[in-house]
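This is what each chain is made of:
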Amino acid sequence: MDTLTNLASNQLFYLLVGLGIFGLLIWYLVADLDVVKRKVGSLLIGLVIFVCGLGLWTQGLKQGIDLQGGTALTLRVQPKDVGAAPPSQDALEQARTVLSRRLAALEFVDESTVSIILQEPDRLIVQVPGANSEQQDQVERTVTKIAKLELMVVHPENGALNREGVRNVPGYKSYTYTYKDNLGNERNETLWLSKRDKITGKAVAKARVDPARKGIVIVNMTSEGADQMRKLTSKVRLGTDRLSVVMDGKVKTAPTVNAVLSTEFVIEGLTDVGEAKAVADALNNPLDNPLLIDEKREISATLGAETIKQGLIAGAVGLGLTLILILFCYRFAGIIALVGLAVNIIVLFGAMAIFDFVFTLPGIAGVILTIGMAVDANVLIYERLREELAAGKSIGGAIRTAYEKAFSAIFDANVTTLITALILFYRASGTVKGFAITLTLGIIASMFAALIVTRVLFFYLNGTKEKDKIKKLNFTRILPESHFNFISLRKMSLSLSAILVLGSMVFIGTNGEKSLGVDFTGGSIITYTVAGADVNEDDLKAIVDTVELSKMAFVQKETNALSGEELITIRLSDKVEDLNAVTKAVGAVYPDLAHSDETVGSALGAEFLRTSIIAMIIGLIGILIYVTLRFEFSFALGALAALFHDIIICIGVVALSPSEFNLIHVGAFLTIAGYSINDTIVVFDRIRETLKLRGGNVTEIMNEAINTTLSRTLLTSVTTFAAIATLYFFGGPAMKDFSFVIMVGVIIGTYSSIFVAAPLVLVLSRKRNLREELLEAERASIAGDVEKEVGGTPDDELEAEAK
């Protein structure tokens, strides 16, 4: 066990394994013979399962504060200077943004798990997942460091002033500089630093740790800062005068200036790499106002232990229902799909453990979407397999053709979702980034499982091209073959969708803040001291549930880290009626419980919402570009319109329901977006394929594509809905809102992929020849390859294929 643990903690081991996996993957993809693919694929799968299983077993999954609890610091935001005005709301928001970035830079903290709540009039509550005492100390140092940097010229006669015992020098201020001499002895020196000849930290563009030298920070200046540095060092005597680096009022170093400086300098005198990193992170995210720690508490999981347990049980039951449905529909082939799904889950969680990612509630949303996409990939392959077998092909030939034809749909659907996930990871913050991490790893895992794991299993079970081991594959057809004219209903369906979208937008606008929960609006916190009382958080939660409130309330257990005092907090709206109703209800049952109440701001800052919206917009632009390149511009507009349609209607349904928009809905809406684009691309892929392969009326071909993929669309929707419905009915109150939104999204997304996306493409392309434009896009993408490999031109090949 110790050997495996040491191996799992060795970064070189993972680097070598990663290179090995990459090499085997390339070998598998370029191999032509089935027997070679089978052997290389087996080695590749075995290596991936081993390394992911090792990481999961030895390192485990880190859990976010919503799942495991952690530490909460109450910070008081100070005025910039003594006697200055109290901090403004903008100063509080600036402090929240800076702290989020600083904490995200810590190795043991993931940004997606940090929660920072504004507490009026001048405080912040910072919640960080459970950490050991050393890490908690590091968190405290990180959040309280101001990072006020000043570069100040040392008096040219500093030594003489000290020898004469001067106590006051006009235009200069004295600082004590503590350093170690060449023998390692600690020395103190009084430095007289100029108040006028100095540069502040606003001139810093970037700071980073020097990887080659211990305890050194390299600082790069802005263009304006470089000019200031040039002017400042041009006035001193090179080789004689000194320039000090002062951070938060403490001299860090005071070297002699040997050359005129401009764009870069270094900070020396830092004790170790850890301090150097903390200084660099703080310089990159300086605080305008100093912070003081008022209080430190240990808090329980945001969702509560019982809710988490209920969610896990419900998730397991839902997954079980999905597996049963797959087995019922695909029988023997379904067993292979289940093996692939098991590998998918091992790879996903193993990768999260290896890369030290944190598992949170939005991460659960990413897992749900991942499993849905994994099931969908298998359904796409098996539905193709059903078609090929019905066309009279042998088992081996049908399997090979099914994987080849399903590849483009699986690839395009996953890549469009991956584009959004990567941009969310790069641009967004907080819980949205946590969702993006899980989804990115999940997409990679699901494609590996569906396209390689199940294919290699079929290689073993089916044998070689010359001899099929499997004599027969039986499938259960849930839906009879359909020939319904969906496109003929486009006027009615598009009109209905327009009404629903406009109605949702109007209702969202008019309902306004009424639909927003306390995560968005802020509110009040009632704190009960429960030490010695026979009461727990579930008791108070039960009482709160009986009170009719304007907004949902959240109950959480806390412990004062200094006094050991047990507390239970209730976060609710800022309405006096709600506050009075809750205190009255609790007081009626527990009249002796002491309590206090305070006003708090929102848990979701303006910066969080801004970066999330920007990331989503960039993601949509990325999808637009990709779908345009792979399909045609009309398809891209149709896909985005369907996505917009699904999200807006889902938001409208939530606004219309008793639910409120809280942090939990962020992950749900992102899940719907991924599900929607995935569903739409599958239908588009079949339309594109048919348009390129044969002639015929475009409307008829669209109808045929929708009918052909209908069983796949409904089966994927039913399996996803069944899993989420289990979560809704048995997953506890916290999961109810989350699962309700996704259930609505599945229904709306299924409807839009059938009745909205393709009809919109038809309407948008009325004045153009859709088939010709698809062929033109295909010509552009493969022109080079055809000219190299075929004697004819790309046009000849594609036109012949289309006919």
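Rules used in this analysis
Residues numbered from 1 in each chain as written. Predicted model: local features only at pLDDT ≥ 70, side-chain atom pairs only at ≥ 80, totals over all residues. Heavy atoms only, no water. Core = buried A, V, L, I, M, F, W, Y, C linked by side-chain atoms within 4.5 Å. Buried < 20%, exposed > 50% of the residue type's maximum accessible area, 1.4 Å probe, protein only. Helix = DSSP H or I, 4+ residues; strand = E, 2+ residues; numbered from the N terminus. Contact = heavy atoms within 4.5 Å. Polar contact = N/O pair within 3.5 Å; in protein donor to acceptor, adjacent residues only side chain to side chain. Salt bridge = Lys/Arg side-chain N within 4 Å of Asp/Glu carboxyl O. Pairing = 2+ DSSP bridges. Axes fitted to C-alpha atoms, helices over the stretch in contact; angles between N-to-C directions. Patch = residues over 30% accessible without salt bridge, like charges linked within 9 Å, V, L, I, M, F, W, Y side chains within 5 Å. Areas by Shrake-Rupley, 256 points an atom, 1.4 Å probe, with all protein chains shown as cover.

Undergrad: What is the right way to read the nonpolar core from this model?
TA: In globular proteins that are soluble, nonpolar side chains generally tend to be buried together. Among the nonpolar cores identified, the biggest contains 104 residues, and Tyr330, Tyr382, Leu385, Phe448, Val627, Phe684 and Ile687 are the most heavily contacted of them. Of the residues forming this core, the biggest block, 16 residues, is contributed by helix α13 (residues 430-462). Not counting the four nearest positions on each side in its chain, tyrosine 382 is found in contact with Tyr330, Ala333, Gly334, Ile336, Ala337, Phe458 and Phe475.

Undergrad: What's the story with the side chain of threonine 233 in this structure? I'm lost.
TA: With respect to the secondary-structure elements, threonine 233 resides in helix α8 (residues 223-234). A polar atom in the side chain of threonine 233 sits 2.8 Å from the backbone oxygen of methionine 229. Contacts of threonine 233, omitting those with residues within four sequence positions, involve Leu238, Leu243, Val257, Ala259, Val260 and Leu261.

Undergrad: I keep staring at the pattern of salt bridges and nothing clicks. Help me out?
TA: Opposite charge on two side chains permits them to pair, given that their charged atoms come into close proximity. For the coordinates displayed, the defined rule picks out 12 salt bridges. Linking aspartate 227 and arginine 230 is a salt bridge whose minimum nitrogen-to-oxygen distance equals 2.8 Å. Taken together, the residues aspartate 227 and arginine 230, both in helix α8 and 3 residues apart, mark about one turn of the helix. One salt bridge connects lysine 405 with glutamate 388, and the closest N-O pair in it is separated by 3.2 Å. Of this pair, lysine 405 sits in helix α12 (residues 395-427) while glutamate 388 sits in helix α11 (residues 361-390), and the two are 17 residues apart along the sequence. Taken together, the shared-partner salt bridges connect Glu388, Lys393 and Lys405 into one network.

Undergrad: It is not clear to me how the sheet that holds strand β11 (residues 250-253) should be interpreted in this structure. Could you clarify?
TA: Each strand in a sheet pairs with another by means of backbone hydrogen bonds, the pair being arranged parallel or else antiparallel. Spatial ordering of the open sheet is given by β6-β7-β5-β10-β11, a layout of 5 strands whose pairing is antiparallel. Edge positions in the open sheet fall to β6 (172-180) and β11, since each of these has one partner strand only. On average, each strand axis in the sheet is inclined to that of its neighbour by 50 degrees, with strand direction left out of account. Direction of pairing for strand β5 (residues 149-154) relative to strand β7 (residues 186-200): antiparallel, over a ladder of 4 bridges. The residue bridging leucine 151 from the neighbouring strand is isoleucine 199, located in β7. Strands in contact with α8 are β5, β7 and β10 (243-247); relative to β7, the strand with the most contacts, it is inclined by about 120 degrees.

Undergrad: When you look at the sheet that holds strand β8 (residues 204-209) in this model, what are you seeing that I'm missing?
TA: Strand order in the open sheet formed by 3 strands is β8-β9-β12, with antiparallel pairing between adjacent strands. Each edge of the open sheet carries a strand with a single partner, namely β8 and β12 (264-267). Pairs of neighbouring strands in the sheet enclose a mean axial angle of 25 degrees, with direction left out of account. Pairing between β8 and strand β9 (residues 217-221): 5 bridges, direction antiparallel.

Undergrad: Would you take a moment to explain a nonpolar patch on the surface for this structure?
TA: Together, Leu327, Phe332, Ile335, Val339, Tyr460 and Leu461 line one region of the surface with nonpolar side chains, adding up to about 480 Å² of accessible area. Those elements that provide at least two residues to the nonpolar patch are α10 (305-354) and α13. The element contributing the most residues to the nonpolar patch is α10, with 4 residues. Secondary-structure assignment places leucine 461 in helix α13. Its relative accessible area of 32% is what places leucine 461 among the partly exposed residues.

Scope: geometric values only; no functional claims are made or implied.
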